[in-house]
Amino acid sequence: MGNAEKIDIDVFKAVARAIAHSDDLEIMTGHLTQLLAGTLEIKGCSIFALEPESGELELLSSFGLSVGYLNKGPVFSGKSIGDIKKGKPVIIRDLKDTDLLQYPQEASEEGIGAIVSVPIKFYGKNIGALRLYHHEQWDISEQDIDSLLVLAENIGLAMMYTRLLNALKEVKSTVNEVHSVWFNAIGG
Amino acid sequence: MMAAQKILLPYNFKTLDQKALAFANSTFGHLEDVEITLFHAYTPLPEIEAESTSVMGKLKGDLSYLSQKIMQLETELKAVEEKLLQGGFAQSCIHTVFKPRKKDIAAEIIEFVSDDKSNVIIINHKSGKASRFFTGSVFSKVVSALKDTTVCIVS
C-alpha cells in the first residue's frame, strides 16, 4: 500500500468530535477505533492503557480484530513493539520482516500485514498506546504518523479528563450519601 | 410463570467471561426452573455530521466492513449460546441480548437487571489495574446499585 496521506483535516475533525462528545471513555475509545479503522481502510485498531508497574498494556478498546487474537495473552510494552516504552512510535511495515512482536504467530494467523504503534502520553509520560493494524504491508506517510502522534496526545488528555470526571462523580455521590443529621453531629 | 432463578451473564468476550460461562454451566446448567440471559452491549457506529463529507464518504465506503465486524460479534455471541446449551441449559431457557450501548456498561447492566427482574448475576471483577483506573470499575458500580440480587463474582 502506498504512502499517500490518509489523515486529512476532515478525519481529524471527526475524530476530535468523537473525543469531545463523550464523557464515557469506553464509548469514546470505541468510536475512535471504529473511525480510524473505517476512514484509514485498515483491518483494525486498538487502544491500550499502560500499567506502569508491570508494563502490561491493558486493552481499553478494539475494533476489527478477532476475539481469539484479543485473548492471545497479556501484552507487555517491553516485549511487544518495544520502542513504545521509550515513547516513540514504532512502524512495522511488513510483519514478515520483524522480530519486534511478542505474538508473531498469532498476528500472522490473524491476517495482519503491518502494525503502527503510537504512544499515548500525558505530560510526557506514557500512559498507553494506540495501535493500527493493516491487512497488508503499509508504507504509512511521515505526515500520517505525525497526525497520529497528535491524535494520541488528545486521547491521553481525554483519558485523564474522564478519570478526573469519574473521581468527581464518586466524590459527589459520597457527599450525597451524607445525611444532614450525621453532618450536624460532626460539627457541620 | 417466572423461573425461580433468572440469571444474567454479561459477556464481553474476555478470558474472565469464559470463566464466568464455565461457572454458569457447572453451577446452574443442570438445574431446572432457571433462565439465563447472555448480555452484550456493543459500541454503535459513531454519528458523523453531514458537513464532514469526505469522512462520511470514506466511512460509507467502508460501512459494510464496520457493520460486518459488529455482526461478527453477534455470531460469536451465538457460539457462546451454544456452549450454554452444551452445558445443560435448555434452549427455551437461554436468551441473548445484543444491543447498542447508550450509556456506560454498568448502567446498561443495572437497567437490564431491573427491567428483566434478574435475581442472579454472574459478573467478573476486571483484573486490569490501569484500565480500571481510567474507566472505573463496572463491578463496583453494578454491585453497589443492585438490590435483592445474588451476585456471583468471577476474578
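Residues numbered from 1 in each chain as written. Chains lettered and ligands numbered in written order. Predicted model: local features only at pLDDT ≥ 70, side-chain atom pairs only at ≥ 80, totals over all residues. Heavy atoms only, no water.

Engineer: Would you mind going over the overall build of chain A with me for this structure?
Structural biologist: If you tally the helices and strands in chain A, you get six helices and six strands. In chain A, the order of α-helices and β-strands from amino to carboxyl end is α-α-β-β-α-β-β-α-β-β-α-α. When its C-alpha atoms are laid out on the principal axes, chain A stretches across 70 × 35 × 30 Å. For chain A, buried positions account for 51% of its 188 residues. Summarising the internal contacts of chain A: among those between residues at least 6 apart in sequence, 58% fall at separations of at least 24. A total accessible area of about 9100 Å² is found for chain A, and carbon and sulfur atoms account for 53% of it. One way to put it: in chain A the 17 positive side-chain charges average out to a point 4 Å from where the 26 negative ones average out. (Helix = DSSP H or I, 4+ residues; strand = E, 2+ residues; numbered from the N terminus. Buried < 20%, exposed > 50% of the residue type's maximum accessible area, 1.4 Å probe, protein only. Contact = heavy atoms within 4.5 Å. Areas by Shrake-Rupley, 256 points an atom, 1.4 Å probe, with all protein chains shown as cover. Lys, Arg positive; Asp, Glu negative; His and termini not counted. Charge placed at Lys NZ, Arg CZ, Asp CG, Glu CD.)

Engineer: Would you take a moment to explain the sheet that holds strand β4 (residues 90-92) of chain A for this structure?
Structural biologist: Two orientations exist for strands paired in a sheet by backbone hydrogen bonds: parallel and antiparallel. All names here are of chain A. Taken together, the six strands give an open sheet; going across it, the order is β3-β2-β1-β6-β5-β4, and neighbouring strands pair in antiparallel fashion. For this open sheet the edge positions go to β3 (75-76) and β4, each flanked by a neighbour on one side alone. Both strand β2 (residues 56-63) and β3 contribute to a ladder of two bridges, which runs antiparallel. From the neighbouring strand, leucine 57 faces β3, where its bridge partner is valine 75. Along the sheet face, helix α2 (residues 25-39) touches β1 (44-50), β2 and β6 (125-134) and points at about 65 degrees away from the line of β2. Docked against the sheet, helix α5 (residues 142-177) engages β1, β2, β4, β5 (114-122) and β6, running at close to 45 degrees with respect to β5. (Pairing = 2+ DSSP bridges. Axes fitted to C-alpha atoms, helices over the stretch in contact; angles between N-to-C directions.)

Engineer: How should the packing of aromatic side chains be read in this particular structure?
Structural biologist: One pair of aromatic rings is described through two measures. These are the centre distance and the angle between the planes. The final tally for this structure, using the stated rule, is seven aromatic pairs over all chains. A ring pair is formed by A:Tyr69 and A:Tyr133, whose centres lie 6.4 Å apart and whose planes are at 85 degrees; its orientation type is edge-to-face. Taken together, the residues span a long stretch of sequence, with A:Tyr69 in helix α3 (residues 67-70) and A:Tyr133 in strand β6 at a distance of 64 residues. Neither residue differs from the other here; A:Tyr69 and A:Tyr133 are each classed as buried. Between B:Tyr11 and B:Phe13 the ring centres are 5.4 Å apart and the planes differ by 90 degrees, which places this aromatic pair in the edge-to-face class. Neither residue differs from the other here; B:Tyr11 and B:Phe13 are each classed as buried. (Phe/Tyr/Trp six-rings, centres within 6.5 Å; stacked < 30°, edge-to-face > 60°.)

Engineer: Could you clarify how one ought to interpret the sheet that holds strand β2 (residues 34-42) of chain B in this entry?
Structural biologist: All names here are of chain B. In spatial order, the strands read β3-β2-β1-β4-β5; together these five strands make up an open sheet with parallel pairing. Looking along the sheet, the strands with just one partner apiece sit at the ends: β3 (94-100) and β5 (150-154). Mean inter-strand twist for the sheet, computed between neighbouring axes without regard to direction, equals 20 degrees. In this structure, strand β4 (residues 120-124) lies alongside β5, joined through five bridges in parallel fashion. Across the sheet, residue asparagine 124 finds its bridge partner in β5, namely valine 154. The strands touched by helix α5 (residues 138-145) are β4 and β5; relative to β4, the strand with the most contacts, the crossing angle is about 160 degrees.

Engineer: Is there a simple way to explain α2(A) in this structure?
Structural biologist: Working note: α-helix, 3.6 residues per turn, so residues spaced by three or four point in the same direction. All names here are of chain A. Here α2 spans 21 Å end to end across 15 residues, near enough to the 21 Å set by a 1.5 Å rise per residue. Summarising burial for α2: 15 of the 15 residues are buried, a large majority. Downstream of α2 by one or two residues, glutamate 41 has phi in the positive range, about 55 degrees. (Expected span 1.5 Å × (residues − 1).)

Engineer: Looking at this model, I keep getting lost on the side chain of A:Glu58. Mind explaining?
Structural biologist: Topologically, A:Glu58 is positioned in strand β2. Apart from residues lying up to four places away in sequence, A:Glu58 is in contact with A:Ile47, A:Phe48, A:Ala49, A:Glu51, B:Gly128, B:Lys129, B:Ala130 and B:Ser131.

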